[in-house]
Amino acid sequence: MRAPETGGPRLLLVCVLATAVAVFTATVPLLRDWFDLRVYYGTVDAWTHQGGGIYDYLLPGTTYGFTYPPFAALTMLPMALVGERTAIALALILNLVALAAVVWILVGPALRRYGWFGFALAGCALALFEPVRDTFSFGQVNLLLLALVLSDAWLLSTGRGRRAGVGIGLAAAVKLTPAIFIGLLLLARRWRAAGVATAVTAGATALAAWVAPGPSRVYWTEALWDTGRIGRLDYVSNQSLQGVLARLAAPGEPSRAAWATAVLLALSVWAWRTSRAVSDEDWTAAFALTGLAACLVSPITWVHHLVWLLPSFAVLLHRHRTRVAAVLYAVLCSSVVWLWFDDASGLDGFLGSNAYTWITLGLLLWLPVGQPRPARPFLSRRAKATPPAPSPAAPMIPAVSGQPTSAPSFSGSVGGAGAAGLGSAGVRASRIDPTGSTCPADAKPQSSSARASSYTVNPPPA
């Protein structure tokens, strides 16, 4: 079925889709009642107005408190100046802006060809994507961190690498998981960017230690190592490798040796595939693979953390793996893992309750890496010279019709060699016209109020 090409039918289609998305969101997946945002707000309010410690506050009726580094609390201090409802409204606006930035960086040039219609369809699709809708309804910060990290991806892909590193550094100071992107910069031998990111992270952490020395000591010596503050490892929302092992071992504790082995294997695959991506100057795939690895090796990766899979979907779309992307998208919209909320035992539980982990692992192993040579729209830095044109004495070779054009992609070469995406930045290299000799021939158990949060208020007994 082809999309309508005129304004009236397009507007009607968008209205129908938006209505369907609104009805689905309001009736099927129960909203999370701003659970995480209420933790952030309560923490900042208790710290600034009641003299409490950042890591002493617990959300009333729960055992859950603030789990991020002290610098994250510093960035949230403006919430102390407003009421809770205003804080919720501001969080929604910030998440919308961050999501718009992520979409623009990942697929903006391709969507721009369709104008408002393309962006409207993308908005409807993302509203159904479980990690995105959970990020909004929890009031989480994942989209903001993703936007910060991708800002560095955009700089690197458009030849502005000297300015890269700040986004990754800030994201790692707010939450530890994005620090793996510093590893990506080191792997790519982007020493300056890696140094900037490390310096920003260290500086932000030192600033937090100067402003709040007591909470900083508590975090780095106690709270960081207390997994009970975050939630149960075997909870079905934990879609990391640790979560898989915890559900297999439940009600016992997962093997630390098994988890360390799984993490080392995942990081080895990440390093191998990412090295290939950066050697081919495919920053799209490099950042996508790093996001996948972060989700797998983190001890806890709640479903809403899987917004880090969005760059992988952009890679699939740019490489015309539309069917694969559609199938994976449908699974990640289905909330299928919640069918095993009460019991993840047996083969069906092993496969079904970890469905999102299998998707992440599969993408880490098989995500397309590197651009096909015929599809490269510009010469890379490694191209030594343009093949010489045939001499006048040589017989003329007729031009081949139907020369393939380059597909939209935000992967580009670095340092001005060219970038065909990752935003609308101009490309500094000019196209070289080939000569005649060079032309190539369900059930929805999560709707229960008892399951309104990944950090359920009354978790089932271990």
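Residues numbered from 1 in each chain as written. Predicted model: local features only at pLDDT ≥ 70, side-chain atom pairs only at ≥ 80, totals over all residues. Heavy atoms only, no water.

### Side note on the overall build of the protein chain
Counted only if it meets this: The numbering of helices and of strands both runs from the N terminus, where a helix is a DSSP run of H or I of at least 4 residues and a strand a run of E of at least 2. Classification of residues uses two cut-offs on accessible area relative to the type maximum, computed with a 1.4 Å probe and protein chains only: under 20% is buried, over 50% is exposed, and between them is partly exposed. Residue exposure ignores everything except the shown protein chains as possible cover, and the areas themselves are Shrake-Rupley values with a 1.4 Å probe.
The helix and strand tally for the protein chain stands at 18 helices and two strands. Counting the 462 residues in the protein chain, one finds 48% classified as buried. Total accessible area computed for the protein chain in this model is approximately 21500 Å², and 66% of it derives from carbon and sulfur atoms.

### Examining the nonpolar core
Soluble globular proteins: nonpolar side chains tend toward being buried together. The criterion, for reference: By convention a nonpolar core is built from buried Ala, Val, Leu, Ile, Met, Phe, Trp, Tyr and Cys residues, the set being connected through side-chain atoms within 4.5 Å. Two residues qualify as a contact provided that any one of their heavy atoms is within 4.5 Å of a heavy atom in the partner residue.
By size, the foremost hydrophobic cluster in this structure holds 109 residues, and its most contacted members are F66, F287, L309 and L310. Ranked by residue count, the leading element in this core is helix 14 (residues 283-297), at 12 residues. Discounting chain neighbours no more than four positions away, the residues touching L310 are V102, L106, L126, F129, V132 and L146. One finds F35, A46, L59 and Y64 within the second-largest nonpolar core, a separate group that totals seven residues.

### What to know about the pattern of salt bridges
Where charged atoms from two side chains of opposite charge approach closely, those side chains can pair. Note the threshold: Salt bridges, as used here, are contacts in which a Lys or Arg side-chain nitrogen is within 4 Å of a carboxyl oxygen on Asp or Glu.
Under the defined criterion, the tally for this structure stands at two salt bridges. The partner of D234 in a salt bridge is R232, with the nearest N and O atoms 2.9 Å apart.

### With respect to unusual backbone geometry
Of note, the bond from A250 into P251 is cis; its omega dihedral lies within 30 degrees of zero at 5 degrees. Mapped onto the secondary structure, P251 falls in the loop between helix 12 (241-249) and helix 13 (256-279). Positive phi is not limited to glycine here, since W34 has a value of about 55 degrees. Secondary-structure assignment places W34 in the loop between helix 1 (7-27) and helix 2 (35-49). Classification of W34 by relative accessible area gives partly exposed; the value is 24%. In this structure, E281 takes a positive phi of about 60 degrees despite not being glycine. Its location among the elements puts E281 in the loop between helix 13 and helix 14. With a relative accessible area of 12%, E281 lands in the buried category.

### Side note on the environment of I54
Among the structural elements, I54 can be located in the loop between helix 2 and helix 3 (70-75). Residues I54 and P215 lie 161 residues apart in sequence; the distance between their C-alpha atoms is 6.0 Å. Those residues within four positions of I54 in sequence are excluded, and the remaining contacts are T43, W47, F66, A73 and P215.

### Details of the side chain of T158
Formally: Polar contacts, as used here, are pairs of N or O atoms within 3.5 Å; protein pairs need one atom able to donate a hydrogen and one able to accept it. Residues neighboring in sequence count only if both atoms are side-chain atoms.
Turning to its location among the elements, T158 is positioned in the loop between helix 7 (142-157) and helix 8 (166-174). A polar contact of 2.7 Å, which involves the side chain of T158, links it to the backbone oxygen of W154.

### Digging into helix 6 (residues 130-138)
Of all nine residues in helix 6, nine are buried, a share of seventy percent or more. Of all the residues in helix 6, the buried ones are E130, P131, V132, R133, D134, T135, F136, S137 and F138. G139 sits one or two residues past helix 6 and shows a positive phi near 75 degrees.

### Quick word on the packing of helix 4 (residues 84-112) against helix 5 (residues 115-128)
The line we're drawing: Axis angles are defined between N-to-C directions and span 0 to 180 degrees, where every axis is a line fitted to C-alpha atoms and, for a helix, only to the segment in contact. We call two directions roughly parallel when the angle between them is under 35 degrees, roughly antiparallel when it is over 145, roughly perpendicular when it lies between 65 and 115, and oblique otherwise. Each crossing gets its handedness from the near helix: less than a right angle anticlockwise from the far helix is left-handed, clockwise is right-handed. Residue classes follow a fixed rule: Ala, Val, Leu, Ile, Met, Phe, Trp, Tyr, Cys and Pro count as nonpolar, while Asp, Glu, Lys and Arg count as charged, and any other residue, Gly among them, counts as polar.
Remark: helix 4 packs on helix 5, axes separated minimally by 11 Å, with the N-to-C direction vectors making an angle of 135 degrees. In terms of axis orientation, helix 4 runs oblique to helix 5. Every pair of crossing elements has a handedness; the one defined by helix 4 and helix 5 is right-handed. Along the contact surface, helix 4 presents L99, V103, W104, G108, L111 and R112, while helix 5 presents G115, G118, F119, A122 and L126. Across the contact of helix 4 with helix 5, the residue classes tally to seven nonpolar, three polar and one charged.

### Quick word on helix 9 (residues 180-187)
Buried within helix 9 we find I180, F181, I182, L184 and L185. Against helix 7, helix 8, helix 10 (191-211), helix 13 and helix 14 lie the buried residues of helix 9. R189 lies just past helix 9 and shows a positive phi near 60 degrees.

### Some remarks on the environment of V44
Structurally, V44 can be placed in helix 2. C-alpha of V44 to C-alpha of M76: the two residues are 32 residues apart in sequence and 7.1 Å apart in space. Every residue in contact with V44, bar those within four places of it in the chain, is listed here: A73, M76, L77, M79 and A80.

### Quick look at the packing of aromatic side chains
Here is the rule we go by: Only centres within 6.5 Å qualify two rings of Phe, Tyr or Trp (six-membered ring in Trp) as a pair; their planes then separate them into stacked at under 30 degrees, edge-to-face at over 60, and tilted for everything else.
Scanning the model with the defined rule gives 19 aromatic pairs in all. Measuring from centroid to centroid gives 6.4 Å for F35 and Y64, while their planes differ by 65 degrees, and the two rings are edge-to-face. On the criterion of sequence distance, the pair formed by F35 in helix 2 and Y64 in the loop between helix 2 and helix 3 is long-range, its members being 29 residues apart. On the basis of relative accessibility, which here comes to 4%, the residue F35 falls in the buried class. The exposure class assigned to Y64 is buried, which follows from its relative accessible area of 7%.

### Some points on the confidence of the model for the protein chain
Do not read the predicted coordinates in detail wherever pLDDT is low. To be explicit about the condition: Per-residue confidence from the predictor is reported as pLDDT, a score between 0 and 100.
Overall, the prediction assigns the protein chain a mean pLDDT of 81, with 77% of residues at 70 or greater. For residues 391-421, every residue scores under 50 in pLDDT, and the model assigns this stretch 73 contacts once sequence neighbours within four places are set aside. Segment residues 423-462: pLDDT under 50, and 91 contacts once partners within four positions in sequence are set aside and those in other chains are kept.

### What to know about the state of the cysteines
Basically, it comes down to this: When two cysteine sulfur atoms are found within 2.5 Å, that pair is recorded as a disulfide.
The final tally for this structure, using the stated rule, is zero disulfides. Just so you know, C124 is unpaired, no disulfide at all, and the nearest cysteine sulfur is the one on C15, 9.3 Å from it. For C124, a relative accessible area of 12% translates into the label buried.

### Considerations on the packing of helix 8 against helix 10
For the pair helix 8 and helix 10, interaxial distance at closest approach is 7 Å and the crossing angle is 35 degrees. Considering the relative orientation of helix 8 and helix 10, their crossing is right-handed. Counting all contacts with helix 8, which are made through V166, I168, G169, L170, A172 and A173, the residues of helix 10 involved are V196, A197, V200, T201 and A204.

### Concerning a nonpolar patch on the surface
What counts, and what does not: Patches here: salt-bridge-free residues with over 30% relative accessible area, like charges joined within 9 Å, nonpolar side chains (Val, Leu, Ile, Met, Phe, Trp, Tyr) joined within 5 Å.
Where nonpolar side chains cluster on the molecular surface, the patch consists of L90, I93 and V97 and spans about 270 Å² of accessible area. Its location among the elements puts V97 in helix 4. Owing to a relative accessible area of 52%, V97 belongs among the exposed residues under this scheme.

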